[in-house]
Amino acid sequence: MDIRKFREKRGLSQQELADELRTTQQTVGRWEAGLVVPPLNSAVRLADLFNITLDELVGRAVANPPPWNTDELILALRLYLNNPTSPPGKSSAEVIALSNLLNTLAEWLGNERTGAYRNPNGVYMKLMNFRRLDPRFAEKGNVGLVNGGQLEKVVWDRYAANPSRLNAVADAITASLQMPSTTLNRGDDLEVTEAEEGRVLTSLHRSRERNRKLVEQRKAMALRDGKGIRCEGCGFEYAEKYGEHGRGFIEVHHTIPLHTLPQSMTTRLEDLALVCADCHRMIHAKAQWLTMGALQEIVKK
Ligand SMILES: [Zn+2]
Ligand SMILES: [Zn+2]
């Protein structure tokens with residue numbers, strides 16, 4: 001506990017600090033020398049006076065908040081680009097609103113919220129980090145803050161030159177948060193790579209196409225149309241290879257663009273494509289998911 005360091009930072013003498021705490025200068029001297037530990041009520045008042053947490057007062061490391069994920073960086077980048085000359089300040093309405101939104105998002109991302117989780121100060125720092133990637137600032141020899149993560153650059157490269165797409169995706173993420181969070185499939189999904197549009201919309205996509213009822217309805221439609229239950233990507237039919245055991249087996253992939261998902265509350269069967277497991281995994285293998293057309297092109301070659 002380095003009381004002396006914090007006291008001197010505040011420009012207080014031992015006597016002044018003692019007066020604040022209604023104790024004696026000798027007592028403060030003993031605390032600072034480490035001869036006596038201050039009682040808890042004094043420690044709380046010291047922390048308040050120094051404007052620090054008790055953890056900081058006793059020198060205990062505070063757990064770092066989890067790194068920012070794609071969804072959060074998309075929302076932050078939009079705010080950054082909307083303010084081309086300089087990001088809004090720490091106490092601006094925009095930064096506070098984003099801080100609140102990110103705290104709502106935490107549950108959807110499965111992030112634990114510790115004390116300073118995505119507080120306005122952290123949001124502001126993140127906005128300033130984008131400067132490192134912004135040619136308008138790089139040109140001036142102003143490199144911005146250096147400790148930005150790799151993902152910041154990925155999100156910048158994807159979206160900075162395409163603000164209308166950025167807006168659409170950011171709106172879709174925000175709109176998704178209005179839905180009951182039970183619609184999301186949140187566990188680790190090993191079969192898909194998180195889409196460019198982030199985790200919330202990825203989960204929404206997966207929850208739609210894994211809906212048993214919809215899958216059965218889509219299969220019934222294929223049988224009615226006489227098309228059979230075969231992959232629309234490569235033409236594979238499970239019954240051909242696996243006989244009776246594989247008859248009727250297929251997966252479905254939801255084909256509409258992720259940023260339009262929240263607007264289409266009900267899933268239309270026409271938007272579901274029948275796909276074999278291999279083709280479905282290929283569609284989701286990279287952050288930029290394949291369209292059915294692109295998949296068919298690849299298979300053709
Ligand atoms: Zn296939
Ligand atoms: Zn899919």
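What counts and how
Residues numbered from 1 in each chain as written. Chains lettered and ligands numbered in written order. Predicted model: local features only at pLDDT ≥ 70, side-chain atom pairs only at ≥ 80, totals over all residues. Heavy atoms only, no water. Buried < 20%, exposed > 50% of the residue type's maximum accessible area, 1.4 Å probe, protein only. Helix = DSSP H or I, 4+ residues; strand = E, 2+ residues; numbered from the N terminus. Arc of directions from axis to C-beta. Contact = heavy atoms within 4.5 Å. Phe/Tyr/Trp six-rings, centres within 6.5 Å; stacked < 30°, edge-to-face > 60°. Lys NZ or Arg CZ within 6 Å of the ring centre and 35° of its normal. Donors = N, O, S within 2.8 Å, 3.2 Å for Na, K, Ca; no water. Tetrahedral: all angles 85-135°; square planar, octahedral: opposite > 155°, others 65-115°.

S.K.: Would you mind going over helix 3 (residues 25–33) with me for this structure?
M.R.: Because the α-helix completes a turn every 3.6 residues, residues three or four places apart line up on one side. For helix 3, every residue scored as buried is listed here: T27, V28, W31 and E32. Buried residues along helix 3 cover an arc of 135 degrees about the axis, so they all sit on one side. In this structure, the buried side of helix 3 is in contact with helix 1 (3–9), helix 2 (14–20) and helix 4 (40–50). Looking one or two places after helix 3, you find G34, whose phi comes out positive at around 80 degrees.

S.K.: Looking at this structure, how should I read the packing of aromatic side chains?
M.R.: Each pair of aromatic rings is reported with the distance of its centres and the angle of its planes. The tally for this structure, following the rule as stated, stands at seven aromatic pairs. Between the aromatic rings of Y80 and F130, the centroid separation amounts to 5.7 Å while the plane-to-plane angle is 50 degrees, which identifies the pairing as tilted. Residue Y80 is located in helix 6 (residues 70–81), and its partner F130 is located in the loop between helix 8 (120–129) and helix 9 (135–138); the two are separated by 50 residues in the primary sequence. In textbook terms, an aromatic cluster arises when at least three aromatic residues are bridged by ring pairs, as seen for F236, Y238, Y242 and F249. Here K5 stacks its cationic end above the ring of F6, 4.7 Å away from the centre of that ring.

S.K.: Teacher, can you tell me more about the coordination of the zinc ion (ligand 1) here?
M.R.: When four donors bind a metal tetrahedrally, each ideal donor-metal-donor angle is 109.5 degrees, and when six bind octahedrally, the ideal angles are 90 or 180 degrees. In this structure, C231 (SG), C234 (SG), C276 (SG) and C279 (SG) serve as the protein donors to the zinc ion (ligand 1), at separations of 2.3 to 2.4 Å. Here the zinc ion (ligand 1) is ringed by four donor atoms whose angles at the metal span 105 to 114 degrees, and the overall shape comes out tetrahedral. All donors to the zinc ion (ligand 1) come from one chain, and their sequence spacing reads C-x2-C-x41-C-x2-C. Under the relative-accessibility criterion, C231 is labelled buried at 3%. Accessibility expressed as a relative area gives 36% for C234, which makes it partly exposed.

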